[in-house]
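# Residue-level structural notes
So the chains spell out like this:
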Amino acid sequence: MIFTPLALDGAYRIDLERRGDQRGSFARMFCQEEFQQYGLTSTWSQCNISHSVLSGTLRGMHFQRPPKADAKLVKCMAGSVFDVIVDLRQGSETFGQWASVMLTADGGEMIYIPKGFAHGFQSLADDAQLLYFHSDSYSPSDEGGLHHADAEIGIAWPLEITCLSDRDKTLPTLAKVVPIS
């Protein structure tokens, strides 16, 4: 795996190193030793799959508050997505800033998201699927969200939004979100 730091401290783009022959290819998606070498979470408590039927579907921006704040490792398994993170860590030099990674099923890239970040994505193809590893289990009472179109953050979504949940339409702006400690 190739670990490339993103502009937001603690976040990484991770590219799989595929080895192939006439049968196809093989790549490691996770190695506890390598993750530990970069100081990243190396224990996963929950794994989820997200399926977006239509291109342009937007999901996010979601996060978990302490004590259930969690790190995530996200990989696109079908289609492609524009994956976005926003730093919500109290006292962070990059608080309120965003970074993105294009994730594709064919490309083999992943994104590592530390605790304290909001996460969302827009599907760039019909039937996009993401595989999520979480460092802690989901807790409805600790979930939070950030409005995807907050002008203060200024995320440049690549497509017109074709589908958005009622919940995501009403999420608060950054000015109303309590930073994550």
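Refer to the structure above for everything that follows.
These numbers were taken from a predicted model, which means no experiment stands behind them. Here, residues in each chain are numbered from 1, in the same order as that chain's written sequence. The predicted origin of the model limits local features to residues at a pLDDT of at least 70 and limits the giving and counting of side-chain atom pairs to 80 or more, whereas totals for whole chains, interfaces and linings rest on all residues. Excluded from the side-chain calculations are hydrogens and water; all other atoms, namely the structure's heavy atoms, are used.

Once that is clear, we can look at unusual backbone geometry. Methionine 61 follows glycine 60 through a cis peptide bond whose omega is 10°. Counting through the fold element by element, methionine 61 comes out in strand β6 (residues 58-64). Omega for the bond connecting proline 66 with proline 67 falls within 30 degrees of zero, at 10°, which places this linkage in the cis form. For the purposes of this entry, the term helix denotes a DSSP run of H or I that reaches at least four residues, the term strand denotes a run of E that reaches at least two, and both are numbered from the N terminus. Tracing the backbone shows proline 67 in the loop between β6 and β7 (72-78). The phi angle at aspartate 127 is positive, at roughly 60°, despite the residue not being glycine. Of note, aspartate 127 is situated in the loop between β11 (117-123) and β12 (128-134).

Attention now moves to the environment of leucine 8. Turning to its location among the elements, leucine 8 is positioned in the loop between β1 (2-5) and β2 (12-15). Here the alpha-carbon distance between leucine 8 and isoleucine 111, two residues 103 residues apart in the chain, equals 12 Å.

Turning our attention to the pattern of salt bridges. The salt bridge criterion pairs a side-chain nitrogen of Lys or Arg with a carboxyl oxygen of Asp or Glu, the two atoms within 4 Å. Per the stated rule, a full pass over the model turns up 10 salt bridges. With a shortest N-O distance of 3.7 Å, arginine 13 and glutamate 109 are connected by a salt bridge. Of the two residues, arginine 13 sits in strand β2 while glutamate 109 sits in strand β10 (residues 109-113), which places them 96 residues apart along the sequence. Of the charged contacts in the structure, one is a salt bridge between lysine 169 and aspartate 166, with a shortest N-O distance of 3.7 Å.

Strands pair, by our definition, only if DSSP identifies at least two bridges between them. Within the open sheet, the six strands sit side by side as β1-β2-β10-β7-β12-β5. Their pairing is antiparallel. Of all the strands in the sheet, just β1 and β5 (46-52) have a single pairing partner and so form its edges. Within the sheet, the average angular offset between the axes of one strand and its neighbour, ignoring direction, is 25°. Sheet topology note: the β1/β2 ladder contains four bridges and is antiparallel. Among the inter-strand pairings, phenylalanine 3 is bridged to a residue of β2, identified as isoleucine 14. Note on geometry: axes are lines fitted to C-alpha atoms, helical ones only across the stretch in contact, with angles between N-to-C directions running from 0 to 180 degrees.

Here we come to the packing of aromatic side chains. Note on aromatic contacts: the rings of Phe and Tyr and the six-membered ring of Trp form a pair at centre separations within 6.5 Å, being stacked when their planes are under 30 degrees apart, edge-to-face when over 60 apart, and tilted otherwise. Taken as a whole and judged by the stated rule, the model has 11 aromatic pairs. With a centroid separation of 6.5 Å and 65° between ring planes, the pair formed by tryptophan 44 and tyrosine 112 is classed as edge-to-face. With tryptophan 44 in the loop between α1 (32-37) and β5 and tyrosine 112 in strand β10, this pair connects stretches of sequence that are 68 residues apart. Judged by relative accessible area, which is 4%, tyrosine 112 ranks as buried. Burial classes follow relative accessibility: with a 1.4 Å probe on protein chains only, a residue under 20% of its type's maximum area counts as buried, one over 50% as exposed, and anything between as partly exposed.

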